[in-house]
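Secondary and tertiary structure notes
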Amino acid sequence: RAKLDGRATYRFFEPEMDARMQMRRQLELDMRQALARREFQLHYQPQLQLEGNRLIGCEALIRWQHPVRGMVSPLDFIPLAEEIGLIVPIGEWVMRQACRDAVTWPAPLSVAVNVSPAQFKSERLVEMVMSALSASGLPATRLEVEITEGVLLHESEKTLQTLHRLRELGVRVSMDDFGTGYSSLSYLRSFPFDKIKIDRSFVKDLSDKRDGEAIIRAIAGLGKSLGMTTVAEGVETPDQMERIRAEGCTDVQGYLISRPVPASEVLKFLSAERSTY
Ligand code: C2E
Ligand code: MG
Ligand code: MG
Ligand code: MG
């Protein structure tokens, strides 16, 4: 079998390349041009603090407006971008753009930016973040980075050092998709995260499974004991929201509050009168 990785290897098998691999290679070529052609955009999804129903900030989510395919989901290109290292320049664009957008929002609203494992391998991450903050004028305290357990998978001294340096700047650090990996719990020991984002599969269980609240309750309790905020991801119904509140999560994010919206609509959303969700 031809190996999928290693360009030289699969060029050799080109005549037999299946359609999927040709698509992948086209995607790679297109993605290499997308930054220069300004085809990426950021959408923002608000996060709500349950106490007082207060908006506390938004998560930046990348969108790719592909000239032929239309809107491409990050799930369809971020993994490839990570694999071929393109996530480093793309991630830098995301960070700079997110800081520029967030500085136009009323303080103390913050912006959360997803940072990939490959970006942690790059030497320049901390300097890049500092530069994005100073170029935009956004205070570090209004920036949050979201990492998944992939970042801590090969838990190196260097990764932890990078996280600590970000924290020293005043940047907050969240553990994304908590509970889906192999050792989410043990990662909580490695680094004092500010926030745990409970993966939306557990929120879905609230509607689909008997005792679906047990895991949410446990994570909310864990967060409380450790002094971390807990945000439930993927909240879609008022019923889920009420049960999440009852289990002691501090924040929610999901379609019920808002779908991710283009940057130009964030301020409109923030100024709209909303007393209940
Ligand atoms: P994530 O960081 O866990 O982001 C949350 C995802 O859940 C987003 O998908 C969001 O649109 C979706 N979501 C939010 N609320 C709901 C809901 O109520 N129901 C449902 N069904 N889905 C909801 P999206 O935007 O497609 O992003 C997918 C993933 O792609 C993100 O997961 C993140 O891992 C990655 N990603 C997105 N933007 C970036 C980026 O700028 N950099 C990096 N490295 N990764 C990114
Ligand atoms: Mg995230
Ligand atoms: Mg998530
Ligand atoms: Mg996710």
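The name given to the protein in an unreviewed UniProt entry is Signaling protein, with Methylobacterium iners as the source organism.

Once that is clear, we can look at the packing of aromatic side chains. Using the criterion set out here, one finds six aromatic pairs in the structure. Seen from their ring centres, phenylalanine 40 and tryptophan 64 are 5.7 Å apart, and the 50 degrees between their planes marks the pair as tilted. Here phenylalanine 40, found in strand S1 (residues 40-49), pairs with tryptophan 64, found in strand S2 (residues 54-66); they are 24 residues apart in sequence, far enough to count as distant. You can call phenylalanine 40 buried: its relative accessible area is 6%. Assessed through its relative accessible area of 0%, tryptophan 64 is described here as buried. Relative to tryptophan 93, the ring of phenylalanine 40 has its centre 6.3 Å away and its plane inclined at 40 degrees; by these criteria the two rings are tilted. With phenylalanine 40 in strand S1 and tryptophan 93 in helix H4 (residues 87-102), the pair connects residues that are 53 residues apart, well separated along the chain. On the accessibility criterion, tryptophan 93 (22% relative accessible area) is partly exposed. Joined through ring pairs, the aromatic side chains of Phe40, Trp64, Phe77 and Trp93 make up one cluster. Of note, arginine 259 hangs over the ring of tyrosine 255, and the distance from its end group to the ring centre comes to 3.9 Å.

Let us now look at the pairing of strand S7 (residues 195-198). The alternating pattern of S7 places Lys195 and Lys197 on one face and Ile196 and Ile198 on the opposite face, and all of these are buried. Both strand S6 (residues 172-178) and S7 contribute to a ladder of three bridges, which runs parallel. If you follow methionine 175 over to S7, its bridge partner there is isoleucine 196. With helix H9 (residues 184-190) bridging S6 and its parallel neighbour S7, the resulting β-α-β unit is right-handed. Here four bridges tie S7 to strand S8 (residues 229-232), and the two strands are oriented parallel to one another. Note on S8: the bridge partner recorded for isoleucine 196 is threonine 230.

What counts and what doesn't
- Residues numbered from 1 in each chain as written.
- Chains lettered and ligands numbered in written order.
- Predicted model: local features only at pLDDT ≥ 70, side-chain atom pairs only at ≥ 80, totals over all residues.
- Heavy atoms only, no water.
- Phe/Tyr/Trp six-rings, centres within 6.5 Å; stacked < 30°, edge-to-face > 60°.
- Helix = DSSP H or I, 4+ residues; strand = E, 2+ residues; numbered from the N terminus.
- Buried < 20%, exposed > 50% of the residue type's maximum accessible area, 1.4 Å probe, protein only.
- Lys NZ or Arg CZ within 6 Å of the ring centre and 35° of its normal.
- Pairing = 2+ DSSP bridges.
- Right-handed = clockwise from strand over helix to strand, strands pointing away.

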